[in-house]
2 protein chains.
Amino acid sequence: MTHSFTDKMNEEVLEDKTTQRLHSRLLEISEIGRTKDDGANRMGYADLELKAKDKVVKWMKAIGMSVRVDGAGNVFGRYRGKDDSKVYMAGSHVDTVPNGGHFDGVAGVLTALEIAELWYEEAYIPEYSYEVVIFTDEEGSRFGSSLTGSRSFMRLIEDAELDKFRDPDGLTADQVFENIESTREEFLNGEGPDYPIRVYGEIHIEQGKQLEQKGLSTGIVNGIAGTTRTHVVFTGTAGHAGSTPMTGRSDALVAASEFISTLPGVPKSISDSAVATVGKIEVTPNGVNVIPGKVELIVDARDIDETQQGQLIQAVRKHAENIAEQSSVSVETDMMTRVKPIPAAPEIISKMETSFKRNAHLPVHLPSGAGHDAMNIARAHPMTMLFVRSIGGISHNPAEFSHISDIRDAALILKDFFENYD
Amino acid sequence: MTHSFTDKMNEEVLEDKTTQRLHSRLLEISEIGRTKDDGANRMGYADLELKAKDKVVKWMKAIGMSVRVDGAGNVFGRYRGKDDSKVYMAGSHVDTVPNGGHFDGVAGVLTALEIAELWYEEAYIPEYSYEVVIFTDEEGSRFGSSLTGSRSFMRLIEDAELDKFRDPDGLTADQVFENIESTREEFLNGEGPDYPIRVYGEIHIEQGKQLEQKGLSTGIVNGIAGTTRTHVVFTGTAGHAGSTPMTGRSDALVAASEFISTLPGVPKSISDSAVATVGKIEVTPNGVNVIPGKVELIVDARDIDETQQGQLIQAVRKHAENIAEQSSVSVETDMMTRVKPIPAAPEIISKMETSFKRNAHLPVHLPSGAGHDAMNIARAHPMTMLFVRSIGGISHNPAEFSHISDIRDAALILKDFFENYD
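What you see is a predicted model; the values in this text were computed from it and never measured.

### A closer look at the interface of chain B and chain A
Working step 1: Taken together, the 46 residues of chain B in the interface contact 46 residues of chain A.
Working step 2: Across the chain B to chain A interface the summed buried area is about 3800 Å²; carbon plus sulfur atoms make up 62%.
Working step 3: Applying the counting rule to chain B against chain A returns 0 salt bridges.
Working step 4: Taken together, chain B and chain A are joined by 6 residue pairs in polar contact (both at pLDDT 80 or more).
Working step 5: Elements that contribute at least two residues to the side of chain B that touches chain A include exactly α10 (252-262), α11 (265-270), β9 (275-284), β10 (290-291) and β11 (294-303) of chain B.
Working step 6: Here the residues of the side of chain B that touches chain A are counted per class, giving 20 nonpolar, 17 polar and 9 charged.

### What about the relation of the copies chain B and chain A?
Working step 1: Of the two same-sequence chains, chain B is brought onto chain A (RMSD 0.2 Å, axial shift 0.1 Å) by a rotation of 179 degrees. The operation mapping one copy onto its partner corresponds to a two-fold rotation axis. Rotation axis and chain B: the residue whose C-alpha lies nearest the axis is Ser257 of chain B, separated from it by 2.1 Å.
Working step 2: Looking at the interface residues of chain B, 98% of them are also at the interface in chain A, so both copies use one shared face.

### Observations regarding the domain arrangement of chain A
All names here are of chain A.
Working step 1: We note that the domain assignment places domain 1 (5-224 + 341-419) and domain 2 (226-338) within chain A.
Working step 2: Across the boundary between the two partners, domain 1 contributes 10 residues, which contact 8 residues of domain 2.
Working step 3: Roughly 530 Å² of surface becomes buried between domain 1 and domain 2 when both sides are summed, with 67% attributable to carbon and sulfur atoms.
Working step 4: For domain 1, the biggest contributors to the area lost against domain 2 are Pro341, Pro367 and Gly369; these three give 72% of the whole.
Working step 5: Inspection of the region where domain 1 meets domain 2 yields 0 salt bridges.
Working step 6: At the level of elements, β6 (218-224), β13 (342-343) and β14 (365-368) are the ones that each hand at least two residues to the side of domain 1 that touches domain 2.

### As for the sheet that holds strand β12 (residues 330-338) of chain B
What holds strands together in a sheet is hydrogen bonding between their backbones, with the strands either parallel or antiparallel.
Residues and elements named next belong to chain B.
Working step 1: The strand order across the open sheet formed by 4 strands is β9-β11-β7-β12, and the pairing between neighbours is antiparallel. Single-partner strands in this sheet number two, and they are β9 and β12. Ignoring strand direction, the axes of neighbouring strands in this sheet form an average angle of 20 degrees.
Working step 2: When strand β7 (residues 226-235) meets β12, the two strands line up antiparallel, connected through 8 bridges.

### Quick notes on the sheet that holds strand β7 (residues 226-235) of chain A
All names here are of chain A.
Working step 1: Strands sit in the order β9-β11-β7-β12 across an open sheet of 4 strands; the sheet is antiparallel. Looking at strand neighbours, the two that pair on one side only are β9 (275-284) and β12 (330-338), the edges of this open sheet. Each strand of the sheet is rotated relative to its neighbour by a mean of 20 degrees, with strand direction disregarded.
Working step 2: As judged from the 10 bridges shared by β7 and strand β11 (residues 294-303), these two strands associate in the antiparallel manner. Note on β11: the bridge partner recorded for Arg229 is Asp300.
Working step 3: This element, helix α10 (residues 252-262), spans β7, β9 and β11 of the sheet and lies at about 10 degrees to β11.

The rules behind the values
- Residues numbered from 1 in each chain as written.
- Chains lettered and ligands numbered in written order.
- Predicted model: local features only at pLDDT ≥ 70, side-chain atom pairs only at ≥ 80, totals over all residues.
- Heavy atoms only, no water.
- Contact = heavy atoms within 4.5 Å.
- Buried area = accessible area lost by both parts, 1.4 Å probe.
- Salt bridge = Lys/Arg side-chain N within 4 Å of Asp/Glu carboxyl O.
- Polar contact = N/O pair within 3.5 Å; in protein donor to acceptor, adjacent residues only side chain to side chain.
- Helix = DSSP H or I, 4+ residues; strand = E, 2+ residues; numbered from the N terminus.
- Nonpolar A, V, L, I, M, F, W, Y, C, P; charged D, E, K, R; others polar.
- Least-squares fit on C-alpha atoms with pLDDT ≥ 70 in both.
- Domains from an automatic or database assignment.
- Pairing = 2+ DSSP bridges.
- Axes fitted to C-alpha atoms, helices over the stretch in contact; angles between N-to-C directions.

Okay, structure coming up:
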């Protein structure tokens with residue numbers, strides 16, 4: 001591995017105190033659970049996630065922030081503002097997928113803390129108090145779920161779901177809570193919905209290549225796409241690959257392939273933010289000398305606007321039906337999942353655009369295709385998100401990388417946003 | 001099951017002694033290993049295959065045929081001709097795939113025997129002696145191989161392959177041979193290459209729908225297709241299904257799907273007998289929310305002419321390369337298997353056409369896409385094959401069915417063929 005995370009970090013240019021601090025802190029956290037591939041491995045609720053949280057807590061306390069932990073293990077560090085009845089909140093998570101990267105989550109926590117650091121150095125007192133939050137188990141590696149901490153905070157997990165949780169060692173949620181001195185009751189009764197959040201901001205690596213392609217360090221998330229999953233089954237007639245002539249075949253895989261190869265045109269016909277992907281496919285009988293009789297696949301389709309999302313689902317279904325009509329196979333479609341998209345509020349985007357301009361940055365908009373803790377907060381509170389350029393769009397991988405100066409740019413813009421919000 | 005094999009057999013119209021005998025013997029054999037789905041289950045080298053062979057041997061002996069068994073368990077029943085220095089040979093197999101049909105193999109053995117039965121009744125003495133052969137384990141269910149008995153007979157299995165044989169219970173080939181009182185040496189030293197075969201004939205159900213579509217009971221196999229297998233790997237870039245915009249994706253499954261959906265045009269451009277099928281596909285990582293980074297698939301392509309087969313392989317590879325060139329994925333192709341096609345000799349086809357005409361049948365030609373024992377015999381001896389209409393083209397399934405009168409038609413034509421061969 002000639003160009004690992006460590007190599008790339010060594011080459012970073014650190015022009016100011018903020019880049020230097022972000023760089024050294026990112027390296028310190030990266031040592032916790034470093035993998036042999038120079039990646040990160042900090043599963044939610046595991047000791048390594050706790051160690052990373054503890055390190056951040058130590059930094060919080062060093063600038064006088066008061067720290068508390070809720071029933072999900074979420075950490076809140078408070079920096080006192082002029083008015084302590086409400087808070088500006090910013091943060092992300094420090095857990096990772098197995099052998100993941102060092103920026104996903106950590107960049108959001110360290111930038112949130114950097115805002116307080118700078119205010120501390122400047123002796124600046126914000127209008128309202130400011131909280132840096134570290135949500136637990138955002139990646140969901142612990143229970144095969146996702147956004148665990150922020151869903152607990154926003155009371156979006158119910159008893160029944162919790163009952164099903166089993167970690168890789170077979171531990172139940174209650175057993176895991178015991179390890180962090182919490183209980184099921186505390187976990188289920190998150191404070192989020194009633195929490196006096198003035199506005200929540202989250203910086204996250206893009207996990208895509210749009211900013212890289214545009215040559216920009218950071219951009220404004222104009223919505224978090226709502227994921228839909230449609231189960232599509234093509235049924236033809238299995239037959240012998242040798243003794244069945246080409247004419248008269250009813251090959252389910254040929255029809256499914258026609259569907260998949262032309263699917264990219266469907267989201268393009270709806271909007272720039274729409275995407276549709278077939279990632280998972282199952283062929284029956286999947287024998288080398290048998291014409292496939294059945295193909296099952298799942299279409300993952302997303303958009304950031306609910307109306308467009310609805311059009312997208314319809315268009316995907318219609319597309320499958322058209323393919324089946326033109327061939328001798330039949331198709332059935334079944335929508336399994338539809339999560340509401342979270343649009344970013346125009347008035348907040350407008351405030352953020354002003355902060356971009358004040359920092360001499362082009363306020364480009366881009367959708368978030370992936371889910372983030374911010375979308376849970378947005379259920380009850382104003383929310384904004386910034387993306388930071390990801391080199392090559394790589395994420396959930398040791399090769400994940402963002403330049404520290406890009407992360408700094410986002411931090412300074414979010415700082416400006418909070419300073420000017422009220 | 002309202003219309004099972006038994007129901008269909010009960011409805012058969014039996015106009016003459018031959019249809020009556022074929023019908024009753026087919027029913028008798030069908031009782032050996034009958035499954036709950038009214039299908040057949042006689043694995044090669046299993047007791048049930050032996051029982052079916054024994055039943056045929058009993059019928060052979062009843063008309064004075066002398067019977068011997070070789071080192072592979074292949075059964076040969078001889079009906080004396082004017083000249084005993086050479087033999088006309090006909091036959092097939094009585095083993096089946098698990099829960100298979102009652103016609104695949106058995107139809108060939110019973111028609112071969114029926115020819116001797118009719119000669120016996122007519123007191124007809126053929127020019128040369130006539131042997132009815134029952135090849136062992138044609139389906140290869142015992143060792144996950146295929147054409148076991150006829151390959152042993154023709155010395156097409158070597159020590160090294162035999163070493164790898166393991167049956168579903170983990171038995172080695174040697175252990176299985178012990179059960180049939182044979183040895184590895186006897187198995188490896190088949191007599192086939194030096195056997196004085198004048199001509200070999202095999203009747204088999206079509207396992208396709210061409211005769212049904214043409215409204216004909218039987219047809220002449222004009223060649224046995226040579227199977228080729230090409231391993232094709234499309235490599236793109238895995239990415240997050242949500243955060244990667246549609247433009248700029250390098251989706252290996254979209255490219256593979258383009259390949260598969262347009263593949264049917266490739267064999268059509270080569271010949272009427274060419275076929276190409278993708279039956280097996282593996283997507284990596286096959287995650288519902290991940291753009292596939294790699295797709296591996298196997299193209300099973302066949303033709304009955306070696307030149308056309310070569311053109312087909314080239315065209316399949318070129319097709320894959322064209323798809324890759326037009327997209328942002330790369331492709332690698334690797335030919336894993338190429339079995340030579342076995343064309344039917346024109347002079348034998350011509351003799352068979354005369355037999356068809358003498359029996360007032362249209363001498364239609366059709367290729368065999370699947371392999372049969374006959375293709376092994378054809379390595380050293382003249383060979384002819386007839387197909388019998390398969391209802392719905394269904395095979396390897398309890399629903400497999402051919403009308404007894406269609407089987408009779410083929411038997412009478414093959415009888416005429418042997419009577420007029422010299």
